[in-house]
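The chain contents come next:
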Amino acid sequence: MELGGSYLTAKHRLQTNSRSIRRMSESVRTRFAPSPTGFLHVGTARTALYSYLFARRNGGQFVLRIEDTDTGRNVADSAAGIVDGLRWLGLDWDEGYLKGGPQGPYVQTERLDRYHAAVNALVAHGDAYLCYCTNEELEQRRQAAQAAGRPPGYDGHCRQLRPAQVRAYEAEGRKPAVRFRLPDKGETVVEDLIRGTVPFDNATLTDFVILRANGIPTYHFSAVYDDVDMGITHVIRGEDLFPSTPKHVHVFRALGRPTPPAFAHLPLIVGADRRKLSKRRDKVSVQQFRDEGYLPEAMVNYLALLGWSLDDHTELFSLADLERVFSLERVSRNPAAFDIKKLDALNGHYLRQLPPASFAARAWPFVEAAAFPQADQDLLARAAPLVQERVNHLTEVAGMVGFLFTDQVELDQAAAAKVLTDDGRAFLAEAAARLDKTDPWTAAGIEATLRGLQTERGLKPKTAFQPVRLAVTGRLVSPPLFESMELLGKPRCLARLDRAASASG
RNA sequence: GCCCCCAUCGUCUAGUGGCCUAGGACACCACCCUUUCAAGGUGGCGACGCGGAUUCGAACUCCGCUGGGGGCACCA
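On a predicted model such as this, the values are computed, not experimentally measured, just so you know.

Moving on: the side chain of threonine 245. Within the secondary structure, threonine 245 is located in helix α8 (residues 245-254). A relative accessible area of 0% means that threonine 245 is categorised as buried. In terms of polar contacts, threonine 245 uses its side chain to reach the side chain of histidine 265, at 3.1 Å. Residue contacts for threonine 245: discarding those within four places in its chain leaves Val190, Arg237, Phe263 and His265.

Looking now at helix α7 (residues 219-229). Burial of α7 is extensive: 8 of the 11 residues sit out of reach of the surface. Listed as buried for α7 are His220, Phe221, Ser222, Ala223, Val224, Tyr225, Asp226 and Asp227. Where α7 is buried, its residues touch β1 (29-32), α4 (112-125), β8 (208-211), β9 (234-238) and α8.

A few words now on the protein's contact with RNA strand B. Around RNA strand B, a shell composed of 67 residues is seen, among which Asp70, Arg212, Arg274, Glu389 and Arg469 lie nearest. Backbone sugar and phosphate groups make up 71% of those atoms of RNA strand B lying within 4 Å of the protein. Within the side chain of histidine 220, an N or O atom sits 3.2 Å from a base nitrogen of RNA strand B. At a separation of 3.1 Å, a sugar or linking oxygen of RNA strand B approaches a polar side-chain atom of glutamate 315. Of all the secondary-structure elements, those providing two or more residues to the surface near RNA strand B are α5 (135-147), β5 (177-180), β7 (196-201), α7, β12 (336-337), α12 (340-353), α19 (461-473) and α20 (481-488). Its residues assigned to classes, the surface near RNA strand B shows 27 nonpolar, 14 polar and 26 charged.

Residues of β5 alternate between two faces, with Ala177 and Arg179 on one and Val178 and Phe180 on the opposite face, all of them buried. As paired strands, strand β4 (residues 128-131) and β5 are joined by 4 bridges and run antiparallel to one another. If you follow alanine 128 over to β5, its bridge partner there is phenylalanine 180. Summarising the sheet, β5 and β8 pair through 3 bridges and their orientation is antiparallel. Bridging from a neighbouring strand, valine 178 pairs with leucine 211 of β8.

Turning to the packing of aromatic side chains, a few remarks are in order. Evaluated as defined, the whole model comprises 16 aromatic pairs. Judged by centre distance (5.8 Å) and plane angle (80°), the rings of tyrosine 52 and phenylalanine 62 are edge-to-face. Of this pair, tyrosine 52 sits in helix α2 (residues 42-57) while phenylalanine 62 is found in strand β2 (residues 61-64), placing the two residues 10 residues apart along the sequence. Phenylalanine 62 shares its class with tyrosine 52; the two are buried. Ring centres 5.7 Å apart and planes at 45° place the aromatic pair phenylalanine 289 and phenylalanine 338 in the tilted group. Here the residue phenylalanine 289 occupies a position in helix α9 (residues 286-291), and phenylalanine 338 occupies one in the loop between β12 and α12, the gap between them amounting to 49 residues. Under the relative-accessibility criterion, phenylalanine 338 is labelled buried at 13%. Just above the ring of tyrosine 50 sits the side chain of arginine 46; from NZ or CZ to the centre is 5.4 Å.

The next point concerns the state of the cysteines. As enumerated under the stated definition, the model contains 0 disulfides in all. Cysteine cysteine 133 is unpaired, with the sulfur of cysteine 158 as its nearest cysteine sulfur at 3.5 Å. Classification of cysteine 133 by relative accessible area gives buried; the value is 12%. Residue class for cysteine 158 comes out buried when judged on its relative accessible area of 2%.

Attention now moves to the sheet that holds β5. The antiparallel open sheet is built from 3 strands, whose spatial order is β4-β5-β8. Edge positions in the sheet fall to β4 and β8, since each has one partner strand and no second. Across the sheet, the axes of successive neighbouring strands diverge by a mean angle of 45°, strand direction being ignored.

To describe two helices that pack against each other, one gives the angle between their axes and the distance between the axes. Viewed as axis vectors pointing N to C, α7 and α8 meet at an angle of 50°, and their least axial separation amounts to 10 Å. One way to sum up the angle between α7 and α8 is to call them oblique. Relative to α8, the crossing made by α7 is right-handed. Packed against α7, whose contacting residues are Tyr219, His220, Phe221, Val224, Asp227 and Val228, the element α8 presents His248, Val251 and Phe252 at the interface. Its residues assigned to classes, the contact of α7 with α8 comprises 6 nonpolar, 2 polar and 1 charged.

Proteins that are soluble and globular tend to have nonpolar side chains buried together. Counting 111 residues, the largest nonpolar core has Phe338, Phe359 and Met485 as the members making the most contacts within it. No other element matches the 9 residues that α2 contributes to this core. Not counting residues within four places of it along the chain, the set of residues in contact with phenylalanine 359 comprises Leu351, Leu354, Ala384, Val387, Gln388, Val391, Leu394 and Val397. Of all hydrophobic cores here, the second largest spans 29 residues; its members include Leu211, Tyr225, Ile232 and Phe263.

In this structure, the amide linkage connecting glycine 104 to the following residue, proline 105, adopts the cis form with an omega of 0°. Here proline 105 shows up in the loop between β3 (95-96) and α4. Each neighbour pair has its own omega, and for aspartate 439 with proline 440 the value is 0°, a cis peptide bond. You can see proline 440 is positioned in the loop between α17 (422-436) and α18 (443-457). A positive phi angle is found at leucine 98, which is not glycine, with a value near 75°. Owing to a relative accessible area of 56%, leucine 98 belongs among the exposed residues under this scheme.

What follows covers the packing of α2 against helix α10 (residues 296-305). Two elements in contact, α2 and α10, have axes separated by 10 Å at closest approach and are oriented at 85°. One element, α2, and the other, α10, form an angle in the roughly perpendicular class. Contact residues: α2 offers Val42, Ala45, Arg46, Leu49 and Tyr50, while α10 offers Met299, Val300, Leu303 and Ala304. Here the contact of α2 with α10 is built from residues that sort into 8 nonpolar, no polar and 1 charged.

It is worth spelling out the pattern of salt bridges at this point. As enumerated under the stated definition, the model contains 32 salt bridges in all. Notably, a salt bridge pairs aspartate 227 with arginine 31, separated by 2.8 Å at the nearest N-O pair. Separated by 196 residues along the polypeptide, aspartate 227 in helix α7 and arginine 31 in strand β1 bring together distant segments of the chain. Both residues of the pair, aspartate 227 and arginine 31, belong to the buried class. Because the salt bridges share partners, they merge into one network encompassing Arg31, Arg65, Glu67, Arg111, Arg114, Asp226, Asp227 and Asp229.

Calculation notes
- Residues numbered from 1 in each chain as written.
- Chains lettered and ligands numbered in written order.
- Predicted model: local features only at pLDDT ≥ 70, side-chain atom pairs only at ≥ 80, totals over all residues.
- Heavy atoms only, no water.
- Helix = DSSP H or I, 4+ residues; strand = E, 2+ residues; numbered from the N terminus.
- Buried < 20%, exposed > 50% of the residue type's maximum accessible area, 1.4 Å probe, protein only.
- Polar contact = N/O pair within 3.5 Å; in protein donor to acceptor, adjacent residues only side chain to side chain.
- Contact = heavy atoms within 4.5 Å.
- Near = heavy atom within 4 Å.
- Nonpolar A, V, L, I, M, F, W, Y, C, P; charged D, E, K, R; others polar.
- Pairing = 2+ DSSP bridges.
- Phe/Tyr/Trp six-rings, centres within 6.5 Å; stacked < 30°, edge-to-face > 60°.
- Lys NZ or Arg CZ within 6 Å of the ring centre and 35° of its normal.
- Disulfide = S-S within 2.5 Å.
- Axes fitted to C-alpha atoms, helices over the stretch in contact; angles between N-to-C directions.
- Parallel < 35°, antiparallel > 145°, perpendicular 65-115°, else oblique.
- Left-handed = near helix turned anticlockwise from the far one by under 90°.
- Core = buried A, V, L, I, M, F, W, Y, C linked by side-chain atoms within 4.5 Å.
- Salt bridge = Lys/Arg side-chain N within 4 Å of Asp/Glu carboxyl O.

Structure representation (C-alpha cells):
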C-alpha cells in the first residue's frame, strides 16, 4: 500500500475548519492522562486544571487516565500521589481511575489486550510493520546519520523485510517491535486551538515504535488509542507534545478517526532561569506547596493565571468562578515563568480572607507539628485574627504564636541587649506592678495601663512598648501587643515581665 | 544538525491599525496610618528585541535578523 502524498487536501482543510463548529453541539470530553510519578507536578497540575475547566465550562466530562506504559519507571502505588494532588486542588473527575466508567479500565497496563488487537489490525492493513532492529543497531545508525548531517530518525530499515530475513532474525532470537509507517511526502496539518494551523513536512517525520518488543505500547500509540476509545473531543496538554502531534494525527486516522480531536497545546511553565521546570532546580510538587503552607485556593488561582487571563484587570478567581469563565481562546502562547512571589501574595490574600475559625483549623496541623508543650487549639482560634494578616504561609503561624504555647520563651539576645537597658528594666518592673492591679484583663485595659505609664515617663510609645513585647513574646516582632497579652493571661504576663525586669543585662 | 513554537515593564499579563504620552497585578522604592511586624491607602520606578515593508497612521499586518524555548527514544 502506498502511503505517500498529502493526506490533507484543501478540501480536507475546509472540513477540519468547520469541525470546531460542529463540535459545539457534541458533548465535550477532556482527559487528564498523567504518568504515575508519585507526585503531582505543577505543570501537570495546570494541564489538569485547564482540562477540567474546559470540560466544566462546556458542560462536558473530565476523564482521568493513568499512563503507566513506561513500566521501568513506575513506582508502586505512585498514582496515589497524583490523585492526592488533584483532590487537594479540588479537581474532581467524572470517570476514570478509581471511579470507573463505561470505557474502563483507565490504567493503560490493564488495557494491553486492546492495544495488541489494534496493533495487529494496523499491521494487517499495512499501517505498521515489524521491526527487528536492536537498540545498538539503532543507536549506531542514528549517530552515523547525525555525523553525515542527516536527520536522526528511523531510516526505514525494516519497512520491506523479505521473509528470509525475517526468518533469520527470528532464528537469532530477536523479538520484534512494531513501527508505525508514516508517509515520506506531502504534509500533515495540525489544527491547534491555541497555535492555529501548523503544517508539518512529512519528510521530517519518521516511522516510530508503537509496540515495544516486550509487548507494551509506547505513549504515542496508547494515548491515541485511548483518546479514540474514550471519545475524547479535546486533547489539552503541554507544548512539549506539539512536535509529536502530526504523528498522532496519522495514528488517529489509521484507527478510524479521520478528523482527530481538537488539540490545545499549552505553553510550558518555565523556572526563573527561563528553562523548563526541573525537579532538581525548582520546587515542582504540588504536595510540597501544600506541605509548606499554601492554600489550594491560591494554587488554583495562581495556576489559572499562569498562561491565561480573563481581561485586563480581574485577578482573583475561585475554582467555581473559573468554571464559568475559562476559555482556551484566551490561553497565552508564550512560556510562563513560575513566580513564587506572586503565589505568595495570592496565598496571603486567601489566608486573610478566611474566616478566623477556618484559618485556625487550617493552621492547627502546622502548629501541632511544631510540638509546643502547651499547644492549644482553642487559644489558636482566639489568636487567629491577630496572625492572619501577618502571614503568607501557614508554616509561619507557629513561629508567630509560639509564645502562647510555651513558658520557655527564650529572649532574642541581640534584641535584649538593645532594649533591656536599665531604663527598660525599670519600666518593666513598674509595668508589672501596675498591670497586677489591672482589671478586667482586656486589651483595652492593658493598653490604658501601659499608655498611662508611658505618658507619665515621657517615653515614646516604641521605647516603652518594645521591652514589654520582648518580655512577653521573646521577640521584637510579634502580633499586636495588648491583644497578645490579653490572650496570654495575667499570671503568665506578669511572670514574664518580672523575669525580664530582673534579667541581668 | 534538522523540525516546530514564541517575542509588551524584573515576572504574569491587557492590547487584534488611530481610544496607547501602552492599562492591571506581583516585586521594588517613597510617603500616610501605626505599639513592632504586617495589612490597608497614596504616589513612584519600570516594557512594545532589532531592521526593513505596507499604510495618512503601527505594540498590533508582512518579510528578514536576533534572542529564548521545545522536540527529533523500544520516556511520557
